[in-house]
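Structural features, examined
Chain by chain, the residues run as shown.
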Amino acid sequence: MKRVSLITGASRGLGKTLAAFLAGRGDDLVITARGGAGLAAAAGELEALGGRVVAIAGDVSDPAHGRRLVAAAEELGGLHLLVNNASILGPSPQPALADYPLETLEQVFAVNVLAPLGLIQQALPLLKRSGGLVINVSSDAAVGGYAGWGGYGASKAALDLLSRTLANELREAAVAVVSVDPGDMRTQMHQEAFPGEDIRDRPMPEVTLPFWAWLLGRPAMEITGGRFQAQAEQWSLATDL
């Protein structure tokens, strides 16, 4: 039976790169992003790699959209991998926490924390059936305490703790959960974080491909609970769970 992978934020950047890797290994895909045109273009490129691709544009923080994504995966045959990659940066340039508009921070948490958890909750019956894997895309801002990155970093720190807790809670159900810091890359979000700066010295998302090949080649329950760094010298493997 073919594997089915669901990737959010898949129209560009890391999400699209990872979707292409998964399509290349033979997965059927459900992909989503907010922009319909960009998502349709990405779907066309992914279909050329073989396999089925279902593209559904929408807002990951909308529970109804999440239900449509999970239903699409079930129609393809189930769900083996869920990648929560979609996120928002918040204001650009990033304000200090002392000046951060709380209504905006609520939106950042809604997309970066609550939406991944909601999608995991909706997808759990399929993931339990397949013994699936959840990858939550994090950031070095989750642990750095960088000035001006408090809002986004706090949301990713919450996502890391959510991932680790879910890994403990879902171990008996044989569902694995990890978080991955992909590192700095030349993406639109990274450019938004540094408005007006030249970010051409950052690597393209393809630099992470050796890491994804390694991670996805391991038994899921061997890696569950881990927090990984895709561009670090040592990717790191949790051993205390």
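This write-up is about the structure you can find in this document.

1. Notes on the layout of surface pockets
- Empty space within the second largest pocket amounts to approximately 210 Å³.
- Every residue lining the second largest pocket is counted, 13 residues in all, and those nearest its centre are Arg 3, Arg 25, His 80, Leu 133 and Leu 216.
- Counting residues per element, the ones that place at least two in the lining of the second largest pocket are α8 (209-216) and α9 (220-223).
- A breakdown of the residues in the lining of the second largest pocket according to their chemical character gives six nonpolar, four polar and three charged.

2. Some details on the packing of helix α1 (residues 13-24) against α8
- Orientation of α1 relative to α8, taken along the N-to-C sense of each, is 55°, at an axis distance of 11 Å. Considering their axes alone, α1 and α8 lie oblique with respect to each other. The way α1 lies across α8 gives a crossing that is right-handed. Taken together, the residues of α8 that come into contact with α1 (itself represented by Leu 14, Thr 17, Leu 18, Phe 21 and Leu 22) are Leu 209, Trp 212, Ala 213 and Leu 216.
- When grouped by side-chain class, the residues that make up the contact of α1 with α8 number eight nonpolar, one polar and no charged.

3. Some remarks on empty space enclosed by the protein
- Evaluation of the coordinates by the stated rule reveals one cavity of 30 Å³ or more.
- Roughly 40 Å³ of internal volume is contained in the largest cavity.
- Together, Thr 8, Val 60, Asn 84, Ala 86, Ala 115, Pro 116 and Leu 119 line the largest cavity.
- Top element by residues in the lining of the largest cavity is helix α4 (residues 102-130). It accounts for three residues.

4. Focus on α8
- Looking only at α8, the buried set comprises Phe 211, Trp 212, Leu 215 and Leu 216. Mapping the buried residues of α8 onto a view down its axis gives an arc of 115°, with all of them on the same face.
- Here the buried face of α8 lies against α1, β4 (81-84), β5 (133-137), β6 (176-181), α9 and β7 (227-229).

5. Some words on unusual backbone geometry
- Put simply, Ser 92 and Pro 93 share a cis peptide bond, and its omega is 0°.
- Along the chain, the position of Pro 93 falls in the loop between β4 and α4.
- Phi angles above zero are rare outside glycine, and Ala 174 is one such case at about 65°.
- Its relative accessible area of 32% is what places Ala 174 among the partly exposed residues.

6. Re the pattern of salt bridges
- Tallied over the full model, the rule gives eight salt bridges.
- Asp 27 serves as the salt-bridge partner of Arg 3, at 3.3 Å between the closest nitrogen and oxygen. Taken together, the residues span a long stretch of sequence, with Arg 3 in the segment before β1 (4-8) and Asp 27 in the loop between α1 and β2 (28-32) at a distance of 24 residues.
- Glu 222 serves as the salt-bridge partner of Arg 218, at 2.3 Å between the closest nitrogen and oxygen.
- Judged by its relative accessible area of 36%, Glu 222 is partly exposed.
- One network of salt bridges, in which partners are shared, links Lys 2, Asp 28 and Arg 52.

What counts and how
- Sequence order as written defines residue numbering, which begins from 1 separately in each chain.
- The model is predicted, so local features are restricted to residues of pLDDT at least 70 and side-chain atom pairs to those at 80 or more, both for listing and for counting; the totals for chains, interfaces and linings are taken over all residues.
- Side-chain metrics in this entry use all non-hydrogen atoms of the structure; hydrogen atoms and water are not considered.
- Only protein atoms enter the calculation, which uses a 1 Å grid: trapped sets of points that fit a 1.4 Å probe without letting it out are cavities, open sets showing protein on both sides within 12 Å along at least five of seven lines are pockets, and any residue with an atom within 4 Å of a point is a lining residue.
- Grid points are joined across faces, edges and corners, and a volume is the space filled by probe spheres set on the points.
- Think of it this way: any DSSP run of H or I at least four residues long counts as a helix, any run of E at least two long counts as a strand, and we number them from the N terminus.
- In this classification, Asp, Glu, Lys and Arg are treated as charged, Ala, Val, Leu, Ile, Met, Phe, Trp, Tyr, Cys and Pro as nonpolar, and every other residue, Gly included, as polar.
- Every axis in this analysis is a line fitted to C-alpha atoms, fitted for helices over the stretch in contact. Angles between the N-to-C directions lie between 0 and 180 degrees.
- When describing relative orientation, an angle under 35 degrees is termed roughly parallel and one over 145 degrees roughly antiparallel, while 65 to 115 degrees is termed roughly perpendicular and anything else oblique.
- What makes a crossing left-handed is the near helix being turned counterclockwise from the far one by less than a right angle; a clockwise turn instead makes it right-handed.
- In what follows, residue pairs with any heavy atoms lying within 4.5 Å of each other are defined as contacts.
- Throughout, exposure labels follow a simple rule: accessible area from a 1.4 Å probe, protein chains only, divided by the maximum for the residue type, with under 20% read as buried, over 50% as exposed, and the rest as partly exposed.
- Here the arc refers to the directions that run from the helix axis out to each C-beta atom.
- Whenever a carboxyl oxygen of Asp or Glu lies within 4 Å of a side-chain nitrogen of Lys or Arg, that contact is scored as a salt bridge.

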